[in-house]
Amino acid sequence: MHIPSIEVHKAATLQEAGVLLGRYSPDVRLLAGGTDVLVDLKTARFTVGHLVALGAIKKLRGITEEREGLRIGALTTLTELDRSPLIAGGYAALRDATSQMATPQVRNAATVGGNIAGAVPCADLPPILIVMNATALLWSTKGRRTVQLENLIVGPRQTILRDDELLAAVNVPSPPARFGAAYARFGLREANAIAVAGVAAALVLNDDQTVRSARIALCAVAPVPKLAKAAARLLVGGVLDERACARAAAAAMEEAEPISDLRGSADYRCELVGTLARRALAAARQRIGG
Ligand SMILES: Cc1cc2nc3c(=O)[nH]c(=O)nc-3n(C[C@H](O)[C@H](O)[C@H](O)COP(=O)(O)OP(=O)(O)OC[C@H]3O[C@@H](n4cnc5c(N)ncnc54)[C@H](O)[C@@H]3O)c2cc1C
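Residues numbered from 1 in each chain as written. Predicted model: local features only at pLDDT ≥ 70, side-chain atom pairs only at ≥ 80, totals over all residues. Heavy atoms only, no water.

Caption draft 1: Spotlight on the site of the ligand. Around the ligand, 31 residues are found, and the nearest of them are L30, G33, T35, V37 and T111. Contact between the ligand and T35: an oxygen atom at 2.5 Å from a side-chain N or O atom of the residue. Contact distances for the ligand include 2.9 Å between a nitrogen atom and a backbone N or O atom of L167. Counting only elements with at least two residues in the shell around the ligand, the list comes to β2 (28-31), α6 (112-117) and β10 (166-173). (Near = heavy atom within 4 Å. Polar contact = N/O pair within 3.5 Å; in protein donor to acceptor, adjacent residues only side chain to side chain. Helix = DSSP H or I, 4+ residues; strand = E, 2+ residues; numbered from the N terminus.)

Caption draft 2: Local environment of helix α1 (residues 14-24). Looking at α1, one finds that the buried residues are L14, A17, G18, L20, L21 and Y24. The buried residues of α1 occupy an angular sector of 165° when projected down its axis, which confines them to one face. Seen from the open side of α1, the exposed residues pointing more than 90 degrees away from its buried face are G22 and R23. Considering only its buried residues, α1 is in contact with β1 (7-10), β2, β3 (50-53), β6 (135-140) and β10. (Buried < 20%, exposed > 50% of the residue type's maximum accessible area, 1.4 Å probe, protein only. Arc of directions from axis to C-beta. Contact = heavy atoms within 4.5 Å.)

Caption draft 3: Spatial organisation of the sheet that holds strand β5 (residues 69-73). Across the sheet, which stays open at both edges, the five strands sit in the order β4-β5-β10-β6-β7 with antiparallel pairing between neighbours. At either end of the open sheet lies a strand with only one pairing partner, and these are β4 (63-66) and β7 (143-148). Taking the axes of each pair of neighbouring strands and ignoring which way they run, one obtains an average angle of 25° across the sheet. When β4 meets β5, the two strands line up antiparallel, connected through four bridges. By the bridge assignment for β5, I63 is matched with I72. (Pairing = 2+ DSSP bridges. Axes fitted to C-alpha atoms, helices over the stretch in contact; angles between N-to-C directions.)

Caption draft 4: Geometry of the domain arrangement of the chain. Per the domain assignment, the segments making up the chain are domain 1 (7-53), domain 2 (58-173) and domain 3 (181-288). Inter-centroid distance (C-alpha atoms) of domain 1 to domain 2 is 19 Å. Every contact between the two is made by 15 residues of domain 1 and, on the other side, 15 residues of domain 2. Here domain 1 packs against domain 2, burying approximately 1,200 Å² in sum over the two surfaces, 68% of which is carbon and sulfur. When the area that domain 1 buries against domain 2 is broken down by residue, the three leading residues are L14, L21 and T35, summing to 41%. The salt bridge involving R157 is made with D40; its shortest N-O contact spans 3.3 Å. Of all the elements, α1 adds the most residues to the side of domain 1 that touches domain 2, at six residues. Split by residue class, the side of domain 1 that touches domain 2 holds seven nonpolar, five polar and three charged. (Domains from an automatic or database assignment. Buried area = accessible area lost by both parts, 1.4 Å probe. Salt bridge = Lys/Arg side-chain N within 4 Å of Asp/Glu carboxyl O. Nonpolar A, V, L, I, M, F, W, Y, C, P; charged D, E, K, R; others polar.)

Caption draft 5: Summary view of the environment of V224. Tracing the backbone shows V224 in the loop between β13 (211-219) and β14 (226-227). The partly exposed category is assigned to V224, whose relative accessible area is 21%. V224 sits 193 residues away from L31 along the chain, and the two C-alpha atoms are 22 Å apart.

Caption draft 6: Focus on the state of the cysteines. Tallied over the full model, the rule gives zero disulfides. There is no disulfide at C219, and the cysteine sulfur nearest it, in C122, is 6.4 Å away. The thiol of C245 is unpaired, and the distance to the nearest cysteine sulfur, on C270, comes to 18 Å. (Disulfide = S-S within 2.5 Å.)

Caption draft 7: Expanded view of the environment of L14. With respect to the helices and strands, the residue L14 is situated in helix α1. By relative accessible area, L14 is classed as buried at 12%. Along the backbone, L14 and K58 are 44 residues apart, and their C-alpha atoms lie at a distance of 8.9 Å. For L14, the residues in contact, after removing those within four places along its chain, are I57, K59, L60, W139 and L166.

Caption draft 8: Quick peek at the packing of helix α9 (residues 242-255) against helix α10 (residues 266-288). Across the interface, α9 lies against α10 with an axial gap of 8 Å and an inter-helix angle of 145°. Here α9 and α10 pass one another in a crossing that is right-handed. Counting all contacts with α9, which are made through C245, A246, A248, A249, A252 and M253, the residues of α10 involved are C270, E271, V273, G274, A277, R278 and L281. Each residue belonging to the contact of α9 with α10 can be placed in one class, and the counts come to 10 nonpolar, one polar and two charged. (Left-handed = near helix turned anticlockwise from the far one by under 90°.)

Caption draft 9: Fine view of the nonpolar core. Ranked by internal contacts, the top residues of the largest apolar core, which has 45 residues, are L125, I128, L129 and M132. Among the elements that line this core, the one with the most residues is helix α7 (residues 125-131), at five residues. Taken together, domain 2 (58-173) and domain 3 (181-288) each give at least three residues to this core, which thus spans both. Residues in contact with M132, not counting those within four places in the same chain, are G90, Y91, L94, V172, P173, F179 and A181. Grouped together as the second largest cluster of nonpolar side chains are 33 residues, V211, A214, A232 and L276 included. (Core = buried A, V, L, I, M, F, W, Y, C linked by side-chain atoms within 4.5 Å.)

Structure (structure tokens):
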């Protein structure tokens, strides 16, 4: 299949991107790495007359460590995120996702912003960023706003982004003391297979090893990256032993809303959620140490 005739506009600044979005909306899409949007255009998932290419906007690039945490620009590629020396310590769990996603070639082009704003239910970064309490910085010519990442995606390929708005950056707060997070996912092959299911977990422990707070998010088993709130609640106040993990994993299975498709049945995905939840919790616990 061929991509239909489309006008591509290269924006050099955020302001230019905003003006172009306003001018051509709703017959326009943003183009970052293009690894999703070009496939969608080829397969006619949607058609538009205009693309606004973000690649030249320097303000959207780079990872910086700030007082409150990490700022990851929307145009940061998966390779850049994976290789950044800043992805260490409390942020190490981000690499659980980037190291398993796609192929090196795709990771060199694919961006963090595209992975999130594309709102594809099997995208690997949103669940781990959500359990790490990340926020999304949204920008338009009218101003900027910050939203919790779990509130950005509202359905398959649907976000709260307005027509004139783009995702500028993701902020990941500095991890508190005794914090650990991990992401466990299952794909049908070791490389270049999107997730059949994934589970992200983040824990903060008290000095006496009991759980102060827990967050668990599910990937590819609901229309959106879903917080398994009941599962996480079960952990709070107790010790994170095998029994507690098994109870939480069972609750997470209840909270999953999987569909059956060519990658796996709904029942299979549910089983995966149980297994992956136990793995993610154990890995998050191990990262805390002590
Ligand atoms: C072979 C292959 C394997 C893949 N494997 C995986 C995988 O294992 N895990 C996974 O999660 N994904 C996978 N993907 C999907 C894809 O590579 C990622 O989701 C990627 O991060 C998308 O980023 P992009 O820059 O290419 O986005 P694009 O394709 O440029 O854009 C995707 C969508 O997001 C919008 N968008 C992009 N940037 C912004 C922004 N800053 N603000 C607002 N909207 C924006 C675009 O308009 C479009 O709707 C795979 C894709 C391919 C082709």
